[in-house]
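Below are the chains, spelled out letter by letter.
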Amino acid sequence: MDEKRFLTLADVGEVLNISSSQTYALVRSGELPAIQIGGRGQWRVESRVLEEFIADAYRRSASAIREDASQVHAAKQ
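Everything in this summary refers to the structure shown in the same document. Every value quoted in this text rests on a predicted model; they were computed, and no experiment measured them.

**Some details on the nonpolar core**
- Core analysis: the largest hydrophobic core is formed by eleven residues, namely Leu7, Leu9, Val12, Leu26, Val27, Leu32, Trp43, Val45, Val49, Leu50 and Phe53.
- For this core, the elements supplying multiple residues, two or more each, are α1 (9–16), α2 (20–29), β3 (42–46) and α3 (47–76).
- Considering every element that reaches this core, the biggest residue donor is α3, with three residues.
- Once residues lying within four places of it in the same chain are set aside, the contact partners of Val27 are Leu9, Leu32, Ala34, Trp43 and Val45.

**Describing the packing of α1 against α2**
- Where α1 meets α2, the closest approach of the two axes is 9 Å, and the angle between their N-to-C directions is 110 degrees. Taken together, α1 and α2 sit at an angle that is classed as roughly perpendicular. Along the contact surface, α1 presents Leu9, Val12, Gly13 and Leu16, while α2 presents Thr23, Tyr24, Leu26 and Val27.
- Across the contact of α1 with α2, the residue classes break down as six nonpolar, two polar and no charged.

**Let's talk about the side chain of Ser47**
- In this structure, Ser47 sits in helix α3.
- Under the relative-accessibility criterion, Ser47 is labelled buried at 7%.
- Discounting residues that sit within four places of it in the chain, Ser47 has contacts with Glu3, Lys4, Arg5, Phe6 and Leu7.

**A closer look at the pairing of β3**
- Pairing geometry for strand β1 (residues 6–8) and β3, over three bridges, is antiparallel. Paired with Thr8 across the strands is Arg44, a residue of β3.
- Both strand β2 (residues 35–37) and β3 contribute to a ladder of three bridges, which runs antiparallel. Its bridge partner being in β3, Ile37 is matched across the sheet by Gln42.
- In sequence, β2 turns back onto β3 through a hairpin of four residues, with Gly38 there showing a positive phi of about 75 degrees.

Conventions used here
Residues numbered from 1 in each chain as written. Predicted model: local features only at pLDDT ≥ 70, side-chain atom pairs only at ≥ 80, totals over all residues. Heavy atoms only, no water. Core = buried A, V, L, I, M, F, W, Y, C linked by side-chain atoms within 4.5 Å. Buried < 20%, exposed > 50% of the residue type's maximum accessible area, 1.4 Å probe, protein only. Helix = DSSP H or I, 4+ residues; strand = E, 2+ residues; numbered from the N terminus. Contact = heavy atoms within 4.5 Å. Axes fitted to C-alpha atoms, helices over the stretch in contact; angles between N-to-C directions. Parallel < 35°, antiparallel > 145°, perpendicular 65-115°, else oblique. Nonpolar A, V, L, I, M, F, W, Y, C, P; charged D, E, K, R; others polar. Pairing = 2+ DSSP bridges.

Listed below in structure tokens is the structure:
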């Protein structure tokens, strides 16, 4: 079966293991790019965009960990 190009916010929340309100907040803040479809305001996130968001989250997390480690190291000196 082919992977869907667009995911609902419920699908995105399931992938990220977060609540629907957290997913909606990521979209509304612009942190997770999405498109609005139709007059009822249904949001969709492209699968590729979600994968890029996840990869970026890994990079930000690794950077924060390195920064915290260097601050702890500097405080010990």
